[in-house]
Amino acid sequence: LSSNQSQTNDCPQLAVKSTKHLEEVYQQLVSQLGGASREKLINSQLAWTTFVEAQCGFETRGFNDSTSSSSVRNSCLDGMTQQRIQDLQRYLFNQ
């Protein structure tokens, strides 16, 4: 496999790994919050999920090739998920 093809094949696994890590950090933070703060976090996460789906859909708009589209989508999902993990960890450590 070429380097680019290998990276393309790794993208779905990276996105899945990132998603699992996000869920762990999110659950840690949810468990530490109560009341209005917890509710705001839950609403924020739901809004973030909707935004990510829309943003990554937008980023794949010009790709007719399903392999390229999947690669761009997975890269988008991974990047945005990594950023969300950092954001939630910052909130977690500031509790």
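Residues numbered from 1 in each chain as written. Predicted model: local features only at pLDDT ≥ 70, side-chain atom pairs only at ≥ 80, totals over all residues. Heavy atoms only, no water.

Draft legend 1. Representation of the confidence of the model for the protein in the model. Confidence in the prediction of the protein, expressed as mean pLDDT, is 86, and 87% of residues score 70 or more. Per-element mean pLDDT across the protein ranges from 77 in helix H1 (residues 3-32) up to 96 in helix H2 (residues 35-59). Segment residues 1-9: pLDDT under 50, and four contacts once partners within four positions in sequence are set aside and those in other chains are kept. (pLDDT = per-residue confidence, 0-100. Helix = DSSP H or I, 4+ residues; strand = E, 2+ residues; numbered from the N terminus. Contact = heavy atoms within 4.5 Å.)

Draft legend 2. Seen up close, the nonpolar core. In this structure, Leu29, Leu41, Val52, Cys56, Met80 and Leu88 are the most contacted members of the largest nonpolar core, which totals 16 residues. For this core, the secondary structure elements donating two or more residues are H1, H2 and helix H3 (66-93). A total of six residues in this core trace back to one element, the largest contributor, which is H3. Not counting residues within four places of it along the chain, the set of residues in contact with Cys56 comprises Arg73, Cys76, Leu77 and Met80. (Core = buried A, V, L, I, M, F, W, Y, C linked by side-chain atoms within 4.5 Å. Buried < 20%, exposed > 50% of the residue type's maximum accessible area, 1.4 Å probe, protein only.)

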